[in-house]
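Single-letter residue listing:
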2 protein chains.
Amino acid sequence: MRVCSKIWLDNDGKAFGEGPYQLVKRVERTNSLHEAAHQLNMSYSKAWKLVQQIEKRLGFAFLDRKVGGLSGGGSYVTNEGKEFLKRYERFESDAKKIIEKTYQKHFGSLSKK
Amino acid sequence: MRVCSKIWLDNDGKAFGEGPYQLVKRVERTNSLHEAAHQLNMSYSKAWKLVQQIEKRLGFAFLDRKVGGLSGGGSYVTNEGKEFLKRYERFESDAKKIIEKTYQKHFGSLSKK
């Protein structure tokens, strides 16, 4: 037996969780919302709506879009977005560890079954 | 902003979580799987299948069914089931508290936004 969990942040609706994290993290790596959506088999319009929703519920701009130009444009995670990602990663990692520990405390003796 | 979570136990599939807890807790109170299912707007057949699945994945009998007789029969939570419910309640309460604490540690400064 093992423990499973889903954790997310809410602000009058889902604000940030595993799905948004996977999307924005890929934008950070690729500097492209198109590419990030593609990697997750998500349509661009769905990814775009998700980003709009995250930004609205968290209250800051996560992505900075450069349109066209010689470099071809792209989407860049803002400094505030990068800080938030780091904070979320630390939180998520801590939470997973502590849930496992709490599970072991209460069910450790049963988990070999 | 606030943190939300779902936690469940898995053993080759969902073994126990909030839904099963609500069902079995009502059987403990009412001594009737019919009544417990009714209170949760769940069909009896769905409730019955859920109990079968819980018992299979946890590896012990959760309910003891008495059929007919002068007392009219009913479903009773076994001693092992009662012990498990208590364990789960302590685990769930601990986990919720510790997730909130972890959230405050990482996002406390942002949560007034």
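The preceding data block contains the structure.
Just so it is clear, the structure is predicted and the values come from calculations on it, not from any experiment.

This next bit is on the nonpolar core. Core analysis: the biggest nonpolar cluster contains 62 residues, and Phe-16 and Phe-62 of chain A together with Phe-16 and Phe-62 of chain B have the highest contact counts within it. The contacts of Phe-16 of chain B, once residues within four sequence positions are left out, are Trp-8, Leu-9, Tyr-21, Val-24, Ile-54, Leu-58, Phe-62, Phe-84, Leu-85 and Tyr-88 of chain B.

For the pair chain A and chain B, the best superposition has an RMSD of 0.0 Å and corresponds to a rotation of 180 degrees with a translation of 0.0 Å parallel to the axis. These values place the two chain copies in the arrangement generated by a two-fold rotation axis. Rotation axis and chain A: the residue whose C-alpha lies nearest the axis is Lys-6 of chain A, separated from it by 2.6 Å. Of the interface residues in chain A, 100% have counterparts in chain B that sit at the interface too, so the contact is made through matching surfaces.

Enumeration according to the criterion identifies 24 aromatic pairs over all chains in this entry. These aromatic residues form a ring-pair network of at least three members: Phe-16, Tyr-21, Phe-60, Phe-62, Phe-84, Tyr-88 and Phe-91 of chain A together with Tyr-103 and Phe-107 of chain B. Directly above the aromatic system of Trp-8 of chain A lies the positively charged group of Lys-14 of chain A, at a separation of 4.8 Å from the ring centroid.

Right, let's get into the pattern of salt bridges. Residues and elements named next belong to chain A. Applying the stated criterion across every chain, the model contains 12 salt bridges over all chains. A salt bridge links Lys-86 to Glu-83; its shortest N-O distance comes to 3.8 Å. In this pair, Lys-86 and Glu-83 both sit in helix α4 (residues 79–107), three residues apart, roughly one turn of the helix. Here Lys-86 falls in the partly exposed class, since its relative accessible area comes to 43%. Look at Glu-83 and you get partly exposed, because its relative accessible area is 47%.

All names here are of chain A. Over its 15 residues, helix α3 (residues 44–58) runs 21 Å from end to end, which matches the ideal 21 Å to within 8%, given 1.5 Å per residue. Taken together, the buried positions of α3 are occupied by Ala-47, Val-51, Ile-54, Glu-55 and Leu-58. Along the axis of α3, the buried residues cluster in a sector spanning 95 degrees; they form a single face. Pointing more than 90 degrees away from the buried face of α3 are the exposed residues Lys-46, Lys-49 and Lys-56.

Rules and cut-offs
- Residues numbered from 1 in each chain as written.
- Chains lettered and ligands numbered in written order.
- Predicted model: local features only at pLDDT ≥ 70, side-chain atom pairs only at ≥ 80, totals over all residues.
- Heavy atoms only, no water.
- Core = buried A, V, L, I, M, F, W, Y, C linked by side-chain atoms within 4.5 Å.
- Buried < 20%, exposed > 50% of the residue type's maximum accessible area, 1.4 Å probe, protein only.
- Contact = heavy atoms within 4.5 Å.
- Least-squares fit on C-alpha atoms with pLDDT ≥ 70 in both.
- Phe/Tyr/Trp six-rings, centres within 6.5 Å; stacked < 30°, edge-to-face > 60°.
- Lys NZ or Arg CZ within 6 Å of the ring centre and 35° of its normal.
- Salt bridge = Lys/Arg side-chain N within 4 Å of Asp/Glu carboxyl O.
- Helix = DSSP H or I, 4+ residues; strand = E, 2+ residues; numbered from the N terminus.
- Expected span 1.5 Å × (residues − 1).
- Arc of directions from axis to C-beta.

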